[in-house]
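Descriptive structure summary
Each chain, written out:
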Amino acid sequence: MTTTPATLRRGYAETASGQIHFMRIDGGTGATPLLLLHPSPLSGIVWDGFMGEMGRDRIVVAPDTPGFGESPPPAAAPEISDYAATMADLLDAEDLEVVDVMGYHTGSLPAVEMELCCPERIRKVVMISAT
């Protein structure tokens, strides 16, 4: 059976470190939602085509980490743990309890940190070209 991906929407979520921009596809609830973390100094747009494919049967969210893309910079220089906490805040804002998280290059670092700080929220971690 072939399905078409749902429409991509853009938004901003309030987090403890300020607003963060994200793209989201609500492609269904057939699979665990997927959080996509981009490499620095890029933005969530690197996932654009991939989101459409992955969004055929699941929710897919690709944020711009603070200071990148359309997300304003944080007040102070962030640590990896700060990025992970911001992503957990995004999950709360978007009502996502448990997700799979995929990190691309430097995006792998907060993906792993999320697993360490809130393992009950992370089902699987996938790392592409991990640093």
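That block above? That's the structure.
Residues numbered from 1 in each chain as written. Predicted model: local features only at pLDDT ≥ 70, side-chain atom pairs only at ≥ 80, totals over all residues. Heavy atoms only, no water.

Some remarks on a nonpolar patch on the surface
A cluster of nonpolar side chains, contributed by Leu42, Ile45, Val46, Tyr104, Val126 and Ile128, occupies part of the molecular surface with about 450 Å² of accessible area. Among the structural elements, Val46 can be located in the loop between β3 (34-37) and α1 (48-54). (Patch = residues over 30% accessible without salt bridge, like charges linked within 9 Å, V, L, I, M, F, W, Y side chains within 5 Å. Areas by Shrake-Rupley, 256 points an atom, 1.4 Å probe, with all protein chains shown as cover. Salt bridge = Lys/Arg side-chain N within 4 Å of Asp/Glu carboxyl O. Helix = DSSP H or I, 4+ residues; strand = E, 2+ residues; numbered from the N terminus.)

So, the environment of Pro33
Considering the arrangement of structural elements, one finds Pro33 in the loop between β2 (18-26) and β3. With relative accessibility at 17%, the residue Pro33 sits in the buried group. Along the primary structure Pro33 and Arg58 are separated by 25 residues, whereas in three dimensions their C-alpha atoms are 5.5 Å apart. In contact with Pro33, other than residues within four places in its own chain, are Ile59, Leu96, Val98, Val99 and Asp100. (Buried < 20%, exposed > 50% of the residue type's maximum accessible area, 1.4 Å probe, protein only. Contact = heavy atoms within 4.5 Å.)

Considering helix α3 (residues 108-117)
Every buried residue belonging to α3 is among Ser108, Pro110, Ala111 and Met114, and all of these are buried. Packing partners of the buried residues in α3 comprise β3, α2 (80-93), β5 (99-104) and β6 (122-128).

Observations concerning the side chain of His21
Positionally, His21 belongs in strand β2. Those residues in contact with His21 that sit more than four places away from it in its chain are Arg10, Gly11, Tyr12, Pro63, Asp64, Glu70 and Ser71.

What about the packing of aromatic side chains?
Within the structure shown, the criterion is met by 2 aromatic pairs. Between Trp47 and Phe50 the ring centres are 5.6 Å apart and the planes differ by 50°, which places this aromatic pair in the tilted class. Trp47 sits in the buried class, given a relative accessible area of 4%. Ring centres 6.0 Å apart and planes at 65° place the aromatic pair Trp47 and Tyr104 in the edge-to-face group. With Trp47 in the loop between β3 and α1 and Tyr104 in strand β5, the pair connects residues that are 57 residues apart, well separated along the chain. Tyr104 sits in the partly exposed class, given a relative accessible area of 34%. Through successive ring pairs, a cluster of aromatic residues spans Trp47, Phe50 and Tyr104. (Phe/Tyr/Trp six-rings, centres within 6.5 Å; stacked < 30°, edge-to-face > 60°.)

Remarks on the sheet that holds β3
If you trace the 6 strands from one edge of the open sheet to the other, you get β1-β2-β4-β3-β5-β6, paired in mixed fashion. This sheet does not close on itself; its edge strands, each paired only once, are β1 (8-15) and β6. Taking each pair of neighbouring strands and ignoring which way they run, the sheet shows an average axis angle of 25°. Note that β5 and β6 share 6 bridges and pair parallel. Considered in β6, the bridge of Met102 is made with Val126. Where α2 meets the sheet, it contacts β1, β2, β3, β4 (59-63) and β5, and its direction lies at approximately 115° from that of β1. Across the face of the sheet, α3 comes into contact with β3, β5 and β6 while running at roughly 160° to β6. (Pairing = 2+ DSSP bridges. Axes fitted to C-alpha atoms, helices over the stretch in contact; angles between N-to-C directions.)

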